[in-house]
Structures are given as C-alpha cells and as structure tokens.
Amino acid sequence: MKTLKRNIIANFLGSAWIGLVNVIFFPLYIHFLGIEALGLIGIFTGMQGLLSMLDMGLSSTINREMARLQVRENSGQEMKDLLRTLEIPYWLVGILIALIVISTSPFIAFKWVHGRDLSEETVQTAIVIMGFCLAVQWPISLYAGGLMGLQRQVLVNTINILISTLRGIGSFLVLWLLSATVHAYFLWHIFTGALHVTLLFLSTWHTFPITSKKPRFRIDLLLKIWRFAAGITGITITATLLTQVDKIILSHMLPLENFGYYTLAGAVAISLYKLVTPVSSAIYPIFSSLFALNKEEEIKIMYHKATQLVTVSLIPISLVFIFFSKEILTLWTQNIVTAENAHLLVSLLVIGTVLNGIIHIPYILQLASGWTGLVFRVNTLSLIILIPLMIILTKYFGAPGAASVWIILNGGYVIFLVHIMHNKLLKTEKWHWYIKDIALPICSTLTTILLLRWLIPFSQNNLLIVGYLTVVLIFSYITCALSASVTRKWLIKNKITVKKLGRVTLL
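Sequence order as written defines residue numbering, which begins from 1 separately in each chain. Totals for whole chains, interfaces and linings use every residue, but because this is a predicted model, local features are given only for residues with pLDDT of at least 70 and side-chain atom pairs only at 80 or more, for both listing and counting. Hydrogens and water are ignored here; the side-chain numbers use all heavy atoms of the structure.

1. Side note on the overall build of the chain
- Under the scheme used here, helices are H or I runs from DSSP no shorter than 4 residues and strands are E runs no shorter than 2 residues, and both carry numbers assigned from the N terminus. Counting its regular elements, the chain contains 21 helices and zero strands.
- C-alpha atoms define the radius of gyration, and 2.2 Å times the number of residues to the power 0.38 defines the globule rule. For a compact globule of 507 residues, the expected C-alpha radius of gyration is about 23 Å, and the chain comes in at 23 Å, within 12% of that figure.
- Projected onto its principal axes, the C-alpha coordinates of the chain cover approximately 65 × 60 × 45 Å.
- Buried residues in the chain amount to 54% of all 507 residues.
- Only heavy atoms enter the contact rule, under which two residues are in contact if any of them lie within 4.5 Å. Within the chain, counting contacts between residues at least 6 apart in sequence, those at least 24 apart form 84% of the total.
- In short, Shrake-Rupley with a 1.4 Å probe defines the accessible areas, and a residue's cover is counted only from the protein chains shown. Entry remark: accessible area of the chain is about 23,100 Å², with carbon and sulfur atoms responsible for 70%.
- This count recognises Lys and Arg as positive and Asp and Glu as negative, with His and chain-terminal groups excluded. Taken as the charge location is NZ of Lys, CZ of Arg, CG of Asp or CD of Glu. The distance from the centre of the 38 positive side-chain charges to the centre of the 20 negative ones in the chain is 11 Å. Summary of the burial criterion: residues with accessible area below 20% of their type's maximum are buried, those above 50% are exposed, and those between are partly exposed, where the area comes from a 1.4 Å probe applied to protein chains only.

2. Some details on helix α15 (residues 360–369)
- Of all the ten residues making up α15, eight are buried; the element is thus mostly covered by neighbouring parts of the structure.
- Of all the residues in α15, the buried ones are H360, I361, P362, I364, L365, Q366, L367 and A368.
- Directly after α15, the chain includes G370, whose backbone phi takes a positive value near 90 degrees.

3. What about the environment of H422?
- Within the secondary structure, H422 sits in the loop between α17 (399–421) and α18 (430–455).
- Take H422: its relative accessible area is 2%, and that puts it in the buried class.
- Taking C-alpha positions, H422 is 9.8 Å from W433, a pair spaced eleven residues apart along the chain.
- Not counting the four nearest positions on each side in its chain, H422 is found in contact with Y303, K427, E429, K430 and W433.
- The definition of a polar contact used here is a pair of N or O atoms within 3.5 Å, where within protein one atom must be able to donate a hydrogen and the other to accept one, and adjacent residues in sequence count solely through side-chain atom pairs. Within the structure, H422 has its side chain in polar contact with the backbone oxygen of L426 (distance 3.1 Å).

4. A look at the nonpolar core
- Y262, I283 and F287 are the most contacted members of the largest nonpolar core, which totals 150 residues.
- Tallying contributions element by element places helix α12 (residues 296–323) first for this core, with twelve residues.
- What I283 contacts, discounting residues up to four positions off in sequence, is L4, M302, A306, I361 and I364. We call a set of buried residues a nonpolar core when its members are Ala, Val, Leu, Ile, Met, Phe, Trp, Tyr or Cys and they connect through side-chain atoms within 4.5 Å of each other.

5. Quick notes on a positive patch on the surface
- For patches, a residue must show more than 30% relative accessible area and have no salt bridge; joins then use 9 Å for like charges and 5 Å for nonpolar side chains, namely Val, Leu, Ile, Met, Phe, Trp and Tyr. Any carboxyl oxygen of Asp or Glu that lies within 4 Å of a side-chain nitrogen of Lys or Arg is treated as forming a salt bridge with it. Together, K5, K305, K436, R488, K489 and K493 give the surface a local cluster of positive charge.
- The element contributing the most residues to the positive patch is helix α20 (residues 485–493), with three residues.
- Along the chain, K305 falls in helix α12.

6. Quick look at unusual backbone geometry
- Despite not being glycine, N294 has its phi angle at roughly 60 degrees, a positive value.
- As for its position among the elements, N294 is in the loop between α11 (277–293) and α12.
- One non-glycine residue, L426, lies in the positive phi region at around 50 degrees.
- Here L426 shows up in the loop between α17 and α18.
- What makes L426 buried here is its relative accessible area of 8%.

7. Some thoughts on the confidence of the model for the chain
- Averaged over every residue, the pLDDT of the chain is 83; the share at 70 or more is 93%.
- The low-confidence segment residues 501–507, where pLDDT is below 50, has seven contacts with residues more than four positions distant or belonging to other chains. Note on scores: pLDDT gives the predictor's confidence for each residue, bounded by 0 and 100.

8. Side note on the state of the cysteines
- The term disulfide is used for any two cysteine sulfur atoms that are within 2.5 Å. Throughout the structure, instances matching the rule amount to zero disulfides.
- Free of any disulfide, C443 has its nearest cysteine sulfur in C480, 11 Å distant.

9. Remarks on the pattern of salt bridges
- Within the structure shown, the criterion is met by seven salt bridges.
- R218 is paired through a salt bridge with D81; the nearest N and O atoms lie 3.1 Å apart. With R218 in the loop between α8 (182–207) and α9 (219–253) and D81 in helix α4 (residues 76–112), this residue pair connects regions lying 137 residues apart in the sequence.
- Of the charged contacts in the structure, one is a salt bridge between E87 and R84, with a shortest N-O distance of 2.7 Å. Linking E87 with R84, this pair stays in helix α4, spanning three residues, or about one helical turn.
- Since its relative accessible area comes to 6%, E87 is described here as buried.
- You can call R84 partly exposed: its relative accessible area is 24%.
- One continuous salt-bridge network, built from bridges that share partners, spans E297, K300 and E429.

10. So, the packing of aromatic side chains
- Geometry of aromatic contacts follows a simple scheme: Phe, Tyr and Trp rings, the Trp one being its six-membered ring, pair when their centres are within 6.5 Å, and the pair is stacked under 30 degrees between planes, edge-to-face over 60, tilted otherwise. Inspection of every chain in the model, using the stated rule, returns eight aromatic pairs.
- Ring geometry for F172 against W176: centres 5.5 Å apart, planes inclined by 20 degrees, an arrangement best described as stacked. Here F172 pairs with W176, and both are found in helix α7 (residues 153–178), just four residues apart, close to one helical turn.
- The interplanar angle of 85 degrees and the centroid separation of 5.0 Å between the aromatic rings of W433 and Y434 together place this pair among those described as edge-to-face.
- Taken together through their ring pairs, the aromatic side chains of W431, W433 and Y434 make up a single cluster.
- Here the basic side chain of K424 rests over the ring of W371, its NZ or CZ set 4.3 Å away from the ring centre. Whether a charge sits over a ring comes down to the Lys NZ or Arg CZ being within 6 Å of the ring centre and within 35 degrees of the ring normal.

11. Examining the packing of α12 against α20
- Axis angles are defined between N-to-C directions and span 0 to 180 degrees, where every axis is a line fitted to C-alpha atoms and, for a helix, only to the segment in contact. Put simply, α12 and α20 touch, their axes get as near as 8 Å, and they point 90 degrees apart. By the angle between their axes, α12 is roughly perpendicular relative to α20. Contacts from H304, K305, Q308 and V312 in α12 reach S485, V486 and T487 in α20.
- Each residue gets one of three labels, nonpolar for Ala, Val, Leu, Ile, Met, Phe, Trp, Tyr, Cys and Pro, charged for Asp, Glu, Lys and Arg, and polar for the others, Gly among them. When the residues that make up the contact of α12 with α20 are grouped by side-chain class, the tally is two nonpolar, four polar and one charged. Each angle gets one of four labels, with under 35 degrees taken as roughly parallel, over 145 as roughly antiparallel, 65 to 115 as roughly perpendicular, and the rest as oblique.

Right, here's the structure in full:
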C-alpha cells in the first residue's frame, strides 16, 4: 500500500506539473505562431495517436510482464531478456515512422491541409520535421512502461517533469529569441525527445538486478506474450482510430484556422487525463500482480478505491470546465475571439473525456486479467457505426458535430462495456460501481455546480471571475469528496470536518 500511495502521489505531481507547464506556455505558442500553426501542432498530435498503432501492444505488455515477473524469484535475467527482445523491433518501428511521415509529407501539405497564411512548402517542411520528431520520441513509451511495471514511477515522473520543463521553457526561448516559426518549435522537440529517451533508457537498464549473463534476444519470450500483445494491438488500433478519426476528418473538411480552434479545445479536454492516468498507471501493475497471485478480494477492494479516487479527482474540475468554459478560455488566452470560437467545443469534448475517464479503471482491470477481447470487439463495432456518423455530423454541424460523437462513443462505453465486463470479472460489483463509485459523486457535484452557475456574478473584472471560479471549484471538490465513500471515510478517519476542510482549502 505504501508503494501504491507513493506512486499515485508521484503520478499526480508529475501530471500536475506537466499540466501547469502546458497552461503557462500554450497561450504563448498561439501568440508567437498563430492559430494556423496551432492546427499543425494538432496534426502532429493526431499523428502521434495514429502511429501508436505500430506499438503492437508492446508498451502495455512490458508493463504487465514486469509487474508479474517482479513477484517471482530469480527473474532478473528474464526481465533483461524481455526488454532486449522488445526494444529491437521498437527501434526499427521508429525508423519506419520517420520514413512514413516524410514520404507522405507532400500529400499532406498540398492535398490534405487547407491553409491560408502558411504556404504549402512551409507546411511540408514542418511535416518532415515532425517525422524525425516522432521517430525520436517513439521508444519513450516502451522504457516508461517497463519502469512503471517495476514500480519505479517516482523516477519516471521525475524525468517527465524535467523534460516537460525543459521543453516548455526552451520552446518559449527559441520562439522568442531565435525564430518564431513552427519549424523551430518542432526542432526543439526533437532535441528534448532524444534527451527523454536517453534518460529513460539508462534508468530502465540500471533498475534491473545484477545478473551473470548479458541480455539477449529470445524468440521464446515473444511466443510467450504474443497472444496478450496481439490483443493489445487490436485494442490500440481500434481505440486509436476512434480517438483520432475526428482529427483526420476535421483536418481535411475544415479550414486550418477552424481546426486550430478544435485543437485548442482538444488540448483542454486531454489535459483532464492528467487526473486519471496517475491512478490508472499506479494501479495497473498492482492489479497485474494480484491477478498473478489470484487474490480476488484484494482486487475488489482496490477496484472500488481506484475508481472513486478517479471520480473525485476528475469530476469537479471537469464540470467547472463544462459550465464555465467561456470564462476559463477568456482568462487563459486573453482573447475573446478565441474564447467565442472554442468554448462550446471545450464543453462538448470535456463531457466525452469525463465519460472516457471514468471507465479507465474497468479497462485497466481487463488488461491486468489478460482479457483483451471485449474491448477489441466493442471498439470494432463502434468504428463501423461512428465513422460514418462523424462524417455526417461534421458535414452538417462542423466541429461541434464531431465533438458530439465523442460523447456518444464514451456514453456507450459507460452503459454497455462496463455492464458486459462485470458478467465475467467481479460479478457482484457492477451496481456498486455504477451507483456508489460513479452516480452519487457526479449527481451531488452537478447539483452544486448548477446552483453556483446560477448565482455567478456577471463581471468583466478578471480578478473577481478568478476568485469566483476558485470558490466554485473548492465547493465542488468538497461535495464530491463527501459523496464518495472512500474519501468520506478517509476524512472521518483523519477527523477532517467540513468546516476544517473549507478553512484549509480557502487558505
């Protein structure tokens, strides 16, 4: 439990710091580069998502396998051999990624993207640089996955904090002092990506126990894990298409400027995952170890605790973003036009992200058990239905139509995926999950938010708006924490009353 708490705290601190860096520097990127260049950054993000299909499930596989090997005696040599066996194809895929992106850059620049201020040649050069950037950053997930499975999550977050700080400050200085171009922005990302991979590579190999033999490539280890890795690959491919299809469609159907607003809204929504992944990343190796030891009662307890922790972390701030998106964007970007064009998209995308976030723990539970078939089948069916729907809604309603599909997709996951999962795993815990872990905290927090939204003062004073939003957020978190049994019991155990909680949070 001490290891789990330490890892969760480290993951939260790492995510919070990276989120803070993005909050500080994102408006500066818009200032230096313009909204069309932000659209190119959105294309880069989309490429990262699409090319994750080439991961072949290896990063999740090494996380699970390292966690399982760690509870076995004399497994140091197998750990080393497994990493060597997986890192060779991983680096080869990185080279393939660069070749794919560079070879398709003329088509993307001249046929797919519709820019106004940026020339086709500028866009093509940016795409080429993106290819090298993606290739350099590609092995990050493999080494990070290995360290996470080995419970070295504090180390991973320390490296991530260092790199994100260097990336943010360095990008700002490069754009300010050297060249305010999107090319300079991505070149700096190549440098920080190479440094990131190097630190993770050295840290992973240093973490392994000392053994008498050198690590070697082993076909038998690939044969041992191929079924799980294949299942993860299927999930990754279908999930990637589902999460990136909006960017593919919108980057072609919308002007680059409008796609830039969608990219901004997407960046806000994606930032909320920083409240989910600290818990899911910490709990995944724990679940994997518990399944290996066949400890179902402990899995059940950890399942509800992790779900409620995600709920309490995610719901309050997400509802504030949904109902106060215009005010938040105006304060953040200091640009009324940007806020007018992006606030509806933020609200819609955040709703979908909340629904997606609350199913992360059920999803992690399935992976830890080795069951990949359900998510793959559900994702495949969703692709058949939602891609045509995405095209139709984008054609008639533009970006808001595409954002609405994200809500439909994740609403279906909450209703159907979790229900089906509990027919096989933790069969008696379904309604506990729906009612106590999810519904009660959401309903109570939503009531608080709606009341405070109705009472909001219409002021042009930024300081007053910041103060009011802070109060709204504090009361939302208090309400949510008291509505979830895990956090409520913790507050009672530590003799923290509502009065004390309010006084502490307001200081």
